[in-house]
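# An overview of the molecular structure
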Amino acid sequence: MKNLKVYTLFLFLIYADKINAQSESSVVKSTENSEPSFKNLIILDEILHVFDIRNVGDNWSDISKRLTNNCSLEMEDYMRGLQAGKVWAVKMDDSSGKYNQGFFWGNNYWTGSLTQCSFIYRKSTTSRSINKTNKNTDFTYVNGNFLGASDMMHENPPFIPGFYMLKVLLNNTHTLGPPRTVLLGLCLPGSCQLSDVVEMTMKSEPSNRDIQIVGVRSPTLNNFSLWKDFTFQILFSVTLIIVLLLVGGTGYDLVLKKRFADKMRMKNYSKDLNSESSSGLGCTTYDLTQGLPEKSNKSFSIPTGVNNNNSDENLAIEPVTTEEEKIAVCAELLLSFSVVTNFQSICDKNVGNDTIPSIHGLRAISMLWVILGHTMIVVFKYSDNMELRKVVEKEVLFQAILNGAYSVDTFFFISGFLVSYIYFRTNAKGKLEKLTQGVNEFTAGTYHFFGLVGYRFVRLTAPYLYVLGVVEVVMRYLEQNSVFEPPTQDHINCPKYWWRNIMYVNTLFPVEQMCMLWSWYLADDTQFYIIGAIILIIAVRHFKFAAGMLTVFMISSWATTAYIAFSNNHMPNADDPFALFDKIYDKPWTRLGPYLVGMCVGWILFRTNCKISMSKVVVISGWTASTVMMLYLLFGLFNTTLTQLAAAAYSSLSHTAWAMACAWVIIACSTGHGGWVNNLLSAPLLYPFSRVTYCAYLVHPIVNRIYAMESDSPIHMSPNSLTTLYLGQVVSSYVLAFLVSLSFEAPVVTMLRILSPNRKRQM
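Per chain, residue numbering runs from 1 following the sequence as it is written. Owing to the predicted nature of the model, reporting of local features is limited to residues with pLDDT of at least 70; listing and counting of side-chain atom pairs is limited to 80 or more, with chain, interface and lining totals taken over all residues. Excluding hydrogens and water, the side-chain values take into account all heavy atoms of the structure.

## Here's the deal with the overall build of the chain
A run of H or I in DSSP becomes a helix once it reaches four residues, and a run of E becomes a strand once it reaches two; helices and strands are each numbered from the N terminus. In terms of regular secondary structure, the chain is built from 31 helices and six strands. Burial classes follow relative accessibility: with a 1.4 Å probe on protein chains only, a residue under 20% of its type's maximum area counts as buried, one over 50% as exposed, and anything between as partly exposed. In the chain, buried positions account for 48% of the 763 residues. Summarising the internal contacts of the chain: among those between residues at least 6 apart in sequence, 81% fall at separations of at least 24. Reported accessibility uses the Shrake-Rupley method at a 1.4 Å probe radius. Residues are deemed covered only where the shown protein chains occlude them. If you sum the accessible surface of the chain, you get close to 38700 Å²; carbon and sulfur atoms cover 61% of it. In what follows, residue pairs with any heavy atoms lying within 4.5 Å of each other are defined as contacts.

## Some words on helix 12 (residues 339-346)
An α-helical turn contains 3.6 residues, so any two residues separated by three or four positions project in the same direction. All of the buried residues in helix 12 are Thr 341, Asn 342, Ser 345 and Ile 346. Down the axis of helix 12, the buried set is contained in an arc of 135°. They therefore lie on one face. This arc is taken over the directions from the axis of the helix to the C-beta atoms.

## Observations regarding unusual backbone geometry
Although it is not a glycine, Met 516 sits at a positive phi angle of roughly 60°. Positionally, Met 516 belongs in the loop between helix 19 (490-502) and helix 20 (520-539). Here Asn 569, not a glycine, exhibits a phi torsion of approximately 50°, which is positive. Judged by its relative accessible area of 41%, Asn 569 falls in the partly exposed class.

## Some details on the state of the cysteines
Every disulfide links exactly two cysteines, by a covalent bond between their sulfur atoms. The term disulfide is used for any two cysteine sulfur atoms that are within 2.5 Å. Counting across every chain of the model gives three disulfides. Each disulfide pairs two cysteine sulfurs, and for Cys 117 the partner residue is Cys 187, the sulfurs being separated by 2.1 Å. Handedness here is read from the sign of the S-S torsion; for Cys 117 and Cys 187, about 75°, the answer is right-handed. You can see Cys 117 sitting in helix 7 (residues 114-118) and its partner Cys 187 sitting in strand 5 (residues 180-189), a full 70 residues away along the chain. Each sulfur of the disulfide joining Cys 494 and Cys 515 lies 2.0 Å from the other. Disulfide Cys 494-Cys 515: the torsion about the S-S bond is 85°, which places it as right-handed. In this pair, Cys 494 is assigned in helix 19 and Cys 515 in the loop between helix 19 and helix 20, connecting sequence segments 21 residues apart. Cys 515 matches Cys 494 in its accessibility class, with the two residues each being buried. Each disulfide of the chain joins two cysteines, and with those cysteines numbered along the sequence the arrangement is 1-4, 2-3, 5-6.

## Describing the sheet that holds strand 5
As summarised here, the arrangement of the four strands in space is 1-5-4-6, forming an open sheet in which the pairing is mixed. The open sheet has two edge strands with one neighbour each: strand 1 (109-110) and strand 6 (211-217). As judged from the six bridges shared by strand 4 (residues 161-170) and strand 6, these two strands associate in the antiparallel manner. Each bridged residue has a counterpart across the sheet, and for Leu 170 the counterpart in strand 6 is Ile 211. Should DSSP find at least two bridges between two strands, the strands are taken to pair.

## Focus on the packing of aromatic side chains
Only centres within 6.5 Å qualify two rings of Phe, Tyr or Trp (six-membered ring in Trp) as a pair; their planes then separate them into stacked at under 30 degrees, edge-to-face at over 60, and tilted for everything else. Throughout the structure, instances matching the rule amount to 37 aromatic pairs. Between Phe 581 and Tyr 585, the aromatic rings sit 5.2 Å apart at their centres with planes inclined by 20°, giving stacked as the arrangement. Note that Phe 581 and Tyr 585 are positioned in helix 22 (residues 581-585) at a spacing of four residues, about one turn of the helix. Each member of the pair, Phe 581 as well as Tyr 585, is classed as buried. The rings of Phe 411, Phe 412, Trp 520, Tyr 521, Phe 528, Phe 581, Tyr 585, Tyr 595 and Tyr 697 are connected pair by pair, giving a single aromatic cluster. Charge-over-ring placement is defined geometrically: NZ (Lys) or CZ (Arg) within 6 Å of the ring centre, and within 35 degrees of the ring normal. Sitting over the face of the ring of Tyr 382, Lys 381 holds its NZ or CZ atom 5.6 Å from the ring centroid.

## Notes on helix 19
In a helix, the anticipated span is given by 1.5 Å times the number of residues less one. Taking 1.5 Å of rise per residue, 13 residues should cover 18 Å, yet helix 19 covers just 15 Å from first to last C-alpha, more than 12% shy of that figure. To get the bend at any residue, fit one axis to the seven residues that end at it and another to the seven that begin at it, then take the angle between the two axes. By the largest-angle criterion, Lys 496 marks the main kink of helix 19, which is about 65°. Looking only at helix 19, the buried set comprises Asp 490, His 491, Asn 493, Cys 494, Tyr 497, Arg 500, Asn 501 and Ile 502. As for helix 19, its buried residues are in contact with helix 18 (441-481) and helix 29 (693-709). Residue Tyr 504 follows helix 19 closely and has a positive phi angle near 60°.

## Concerning the packing of helix 5 (residues 69-84) against helix 6 (residues 87-95)
Axis lines are fitted through C-alpha atoms, for helices just across the contact stretch, and the angle between N-to-C directions can take any value from 0 to 180 degrees. Close contact between helix 5 and helix 6 brings their axes to 7 Å; oriented N to C, the two are set at 105°. When the axes of helix 5 and helix 6 are compared, the pair comes out roughly perpendicular. Listed contacts from helix 6 to Asp 77, Tyr 78, Gly 81 and Leu 82 of helix 5 are Trp 88, Ala 89, Val 90, Met 92 and Asp 93. Asp, Glu, Lys and Arg are counted as charged, while Ala, Val, Leu, Ile, Met, Phe, Trp, Tyr, Cys and Pro are counted as nonpolar; the rest, among them Gly, fall into the polar class. When grouped by side-chain class, the residues that make up the contact of helix 5 with helix 6 number six nonpolar, one polar and two charged. Throughout, the term roughly parallel applies to angles under 35 degrees, roughly antiparallel to angles over 145, roughly perpendicular to angles from 65 to 115, and oblique to all others.

## Looking at the nonpolar core
For the purposes of this section, nonpolar cores are sets of buried Ala, Val, Leu, Ile, Met, Phe, Trp, Tyr and Cys residues that join through side-chain atoms within 4.5 Å. One finds Met 75, Leu 170 and Met 200 to be the most contacted residues of the largest nonpolar core, which totals 156 residues. With 14 residues, helix 16 (residues 405-428) is the largest single contributor of residues to this core. Residues within four places of Met 75 in sequence aside, it is in contact with Ile 53, Val 56, Trp 60, Leu 188, Pro 189, Cys 192 and Met 200. In this structure, Met 614, Val 619, Ala 668 and Val 677 belong to the second largest nonpolar core, which totals nine residues.

## Comments concerning the environment of Val 329
In this structure, Val 329 sits in helix 11 (residues 329-335). Spatially, the C-alpha atom of Val 329 lies 9.8 Å from that of Met 751, the residues being 422 residues apart in sequence.

## Comments concerning the confidence of the model for the chain
Per-residue confidence for the chain gives a mean pLDDT of 83; residues scoring 70 or more make up 80%. Within the model, pLDDT remains below 50 along residues 1-16, and this stretch shows zero contacts once partners closer than five positions in the same chain are excluded. Within the model, pLDDT remains below 50 along residues 277-324, and this stretch shows 123 contacts once partners closer than five positions in the same chain are excluded. For every residue, the predictor assigns a confidence score, pLDDT, that lies between 0 and 100.

## Structural notes on the pattern of salt bridges
By convention in these notes, a salt bridge is any Lys or Arg side-chain nitrogen within 4 Å of a carboxyl oxygen on Asp or Glu. Throughout the structure, instances matching the rule amount to 18 salt bridges. Linking Arg 54 and Asp 52 is a salt bridge whose minimum nitrogen-to-oxygen distance equals 3.0 Å. With a relative accessible area of 55%, Arg 54 lands in the exposed category. Asp 409 is the partner of Arg 591 in a salt bridge, and the nearest nitrogen-oxygen pair spans 3.1 Å. Here Arg 591 is found in helix 23 (residues 588-591), whereas its partner Asp 409 is found in helix 16, with 182 residues between them in sequence. Here the salt bridges share partners, and the residues they tie into one network are Asp 62, Arg 66 and Glu 199.

## Here's the deal with a nonpolar patch on the surface
On the surface, a cluster of nonpolar side chains totalling about 460 Å² of accessible area is made up of Trp 227, Phe 236, Leu 240 and Leu 244. Its place among the elements puts Leu 240 in helix 10 (residues 230-278). For Leu 240, a relative accessible area of 46% puts it in the partly exposed group. Candidates for patches are residues over 30% relative accessible area with no salt bridge; among them, like charges are joined within 9 Å and nonpolar side chains (Val, Leu, Ile, Met, Phe, Trp, Tyr) within 5 Å.

Here it is in structure tokens:
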């Protein structure tokens, strides 16, 4: 019986196989004998057609009841215009954004043209209908390219168009992959409210299309006015005052210089006359005081070389040298705004005694690196081919951009080096002791501490506060008028939390609340400066204890960074560089290492007076180790896999290792072992750019954002366009940096010199 069942099952399987074979054969014959049919093809243009004015017209009887009265009436005019083929109506449809290409290459911006939509209605132009049969229509062609037509081509619509930006979530995952968010621009009648636009978009779509309106806004419906903005009013007033001071200071400076030059000529001429009189060749006498400025008990000072000692931590406040006549302190303060003198100082080819020349080159090159990184961040966000980033990130050379965070470590190293080197040199000259004579050690240290911190606060805050206001106003304007969404919430955070920036504590709060995101560096650097000032003041009399403090801070920073990286499973070779921005990237306890390395190098060069003899083997070994270290940190993790423990160790020590590589560069260049590297970094051509680095750092992200958000179309990335864009960003940033430096930084530095305690004691 059991065998019978097995046999029956076997026969059934054979029969089923024959049935399947016959079925497949019939299908093949049917296919061979008939034409292929390709119906219901999946067309991406149809799937991604989020807003179709034809669907609005087809469902108008239902949609019109849900719209506001004015919007409904003007929409009817718009659709009648499309039916009649009116140019203004076709222009409106042409101005609206639609999917065109590159969806899978990262094109999420279907912005249309806000500019074209804004120019469809012209208040100064009379509406004229177009005679399509008129062969004399004045079309404009240049080299075969149609550039438009004369005013005869223009028609004013019966209403003023408005522009609307929809943020749409696409959920058609069967074809498009994961849900995507796109920005869609629509040129519609200006009387339509935001709710009307949402209603028309949702009701005009087929029921099988799964989309969701995440947000909607209108650059043309905003009521933002610069002149009514309180922050802008303050900025405008401050700018006006600064311009008056610049004009007054420059004019007064030129007048005094002319008087001084005339007086010197008169003196030289008097010497010639006296010489001739003593030799019996002449007897004419002159009144040398005729036409010269009257003498007073104040010294006339031309503040030349103000910025010769251009460090971020200019501790050695030298008195301005006096020449010839004396003038009031108020006049000297006015002279500090002289554009001519300050520009000459910035472009001075000499450096101060307390500055290492190679520092200028290192700082200028690092600033170019910072601008490159920030430019790429903005381009990647606002491009229509974002997927290109995934391609270029696989290139070895692109690792230099991904690892651009080391440029900031260079700045931390430079700051620590300068504060240490200049403090020890200033103290060795006895200038700090003069300010605290007759007081005990603790009181003297307290005076030194508040003097150092106060000087830094005044010097940095003037341009910083001004740029902070500019950021708030610019981002508020762009948020209201741009078709793109702002990269950060500065228009919201700055009015609320600007005081955190001025107190330099903004990195101690969540990044979502940060105003002027790139200011995290200033906060960390200031906090490091406070720690460094305490260590330096103690080191003057208790060096071993100060060295112990520095060691404890260093080890604590390493351990804290390693713990945070390990607990968050941070992989520096795989994660986005800003993946843990709020935990690792911007926190002072994770970035302290390079600053402390710089302080150690400053002390070494002070103790040796920049004179260290090294054998050729040591020099070659040092340069080799430094070069290998930098190249490994930039490219060493390319296509590598790290364990969780190794990744934590790398995150902890890599920034300090970069600073140690920079330390060799500065030591070698300062002690005569730099070769062509020292010649490059010490080139006088780089001095002006180094001296305005602080202001360039403040303003360059504003230039990045204005470029991207003022356009009504996304950026298209290509190697040539990115190169041109980057060079333009550098030039624009430094032009603004020179203006801000001449208006705020240089005058403040000069005034601090004039009002310094050392100056007062000598007068």
